[in-house]
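# Descriptive analysis of the structure
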Amino acid sequence: MKTLYLIRHAKSGWSKPDTRDFERTLSKRGKKDINTIGSYLALRGVNPDLILSSCALRAQETSDLLSQKIHFSGVIYYLEELYLTSLDAIQEIIMIQENDVESMFVIGHNPQLHELANLLTDEHISKFPSLGVVAINFDIESWSEISEVKGDLDFFIFPKQFKYYMPRQIRTYLPS
């Protein structure tokens, strides 16, 4: 069994109009959302073997802050190949990972992650918002097999789900 977590970067800002897309940083809301989503993942015991992240600044910040929140102690690889790339390229990057990697985060951008989530499962996700997390379980031995099978959607979460109701466990897990 292998688990793939597709994670769109947290909300970024456009506060400086002359900033290139690649250099955009997270907004205050994006950083706050990482606390919420990170708390949810930590409470579920989610801690991947590997994190692959786009090298765009907002994705790097998302990877760094989220990894701290879940107490990830492994290596994060920042890949240029995950920024403004094709769906096939992302799938190929996943497929070449070592077989001893049982779970991994892929942190990147829309529309590619959205399209990949819909390609890899029989579920239809109509919208993949900022800091959305799609967890997909695969009954496979090797990552190279993901192009041949459909995975099972374990969960799909995003920050606005917690806007009006936040379970007590998450509220108490958040830093004050």
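That block above? That's the structure.
Since this is a predicted model, take the numbers as computed values, not measurements.

Time to look at the packing of helix 1 (residues 28-43) against helix 2 (residues 57-69). At a closest axis distance of 9 Å, the pairing of helix 1 and helix 2 adopts a crossing angle of 45°. Between helix 1 and helix 2, the angle falls in the class oblique. In the packing of helix 1 onto helix 2, the handedness of the crossing is right-handed. Contacts from Lys31, Ile34, Asn35, Gly38, Ser39, Leu41 and Ala42 in helix 1 reach Glu61, Thr62, Leu65, Leu66 and Lys69 in helix 2. Broken down by class, the residue content of the contact of helix 1 with helix 2 amounts to 5 nonpolar, 4 polar and 3 charged.

Let us look at the nonpolar core. With 24 residues, the main nonpolar core has Leu4, Leu6, Leu52, Ile94, Met104 and Val106 as its most contacted residues. When contributions to this core are tallied by element, the ones reaching two or more residues are strand 1 (2-8), strand 2 (50-54), helix 3 (87-95), strand 4 (103-108), helix 4 (112-120) and strand 5 (133-138). The leading source of residues in this core is helix 4, at 4 residues. Contacts of Leu6, omitting those with residues within four sequence positions, involve Val106, Leu113, Leu116, Ala117, Phe128, Gly132, Val133, Val134 and Ile136. By size, the runner-up hydrophobic cluster in this structure holds 23 residues, among which are Tyr5, Ile37, Ile70 and Ile157.

In space, the 6 strands of this open sheet follow the order 3-2-4-1-5-6, with mixed pairing throughout. Among the strands making up the open sheet, the edge pair consists of strand 3 (76-79) and strand 6 (152-157). Here the strands of the sheet are splayed against their neighbours by 15° on average, with no regard to which way each runs. The pairing of strand 2 with strand 3 spans 4 bridges and is parallel. Counted as the bridge partner of Leu52 is Tyr77 from strand 3.

Moving on: a negative patch on the surface. On the surface, Asp122, Glu123, Asp139, Glu141 and Asp152 cluster together into a patch of negative charge. For Asp152, the location among the structural elements is in strand 6. Assessed through its relative accessible area of 56%, Asp152 is described here as exposed.

All right, on to the pattern of salt bridges then. Scanning all chains against the criterion turns up 3 salt bridges. As a salt-bridge pair, Lys2 and Glu102 come within 3.5 Å of each other at their nearest N and O atoms. One end of the pair, Lys2, is in strand 1; the other, Glu102, is in the loop between helix 3 and strand 4, and 100 residues separate them in sequence. Accessibility expressed as a relative area gives 1% for Lys2, which makes it buried. Among the ionic pairs, Asp154 bridges to Arg44, the shortest N-O distance being 3.5 Å. Here Arg44 lies in the loop between helix 1 and strand 2 and Asp154 lies in strand 6, a separation of 110 residues in the sequence.

How each quantity is defined
Residues numbered from 1 in each chain as written. Predicted model: local features only at pLDDT ≥ 70, side-chain atom pairs only at ≥ 80, totals over all residues. Heavy atoms only, no water. Axes fitted to C-alpha atoms, helices over the stretch in contact; angles between N-to-C directions. Helix = DSSP H or I, 4+ residues; strand = E, 2+ residues; numbered from the N terminus. Parallel < 35°, antiparallel > 145°, perpendicular 65-115°, else oblique. Left-handed = near helix turned anticlockwise from the far one by under 90°. Contact = heavy atoms within 4.5 Å. Nonpolar A, V, L, I, M, F, W, Y, C, P; charged D, E, K, R; others polar. Core = buried A, V, L, I, M, F, W, Y, C linked by side-chain atoms within 4.5 Å. Buried < 20%, exposed > 50% of the residue type's maximum accessible area, 1.4 Å probe, protein only. Pairing = 2+ DSSP bridges. Patch = residues over 30% accessible without salt bridge, like charges linked within 9 Å, V, L, I, M, F, W, Y side chains within 5 Å. Areas by Shrake-Rupley, 256 points an atom, 1.4 Å probe, with all protein chains shown as cover. Salt bridge = Lys/Arg side-chain N within 4 Å of Asp/Glu carboxyl O. Lys, Arg positive; Asp, Glu negative; His and termini not counted. Charge placed at Lys NZ, Arg CZ, Asp CG, Glu CD.

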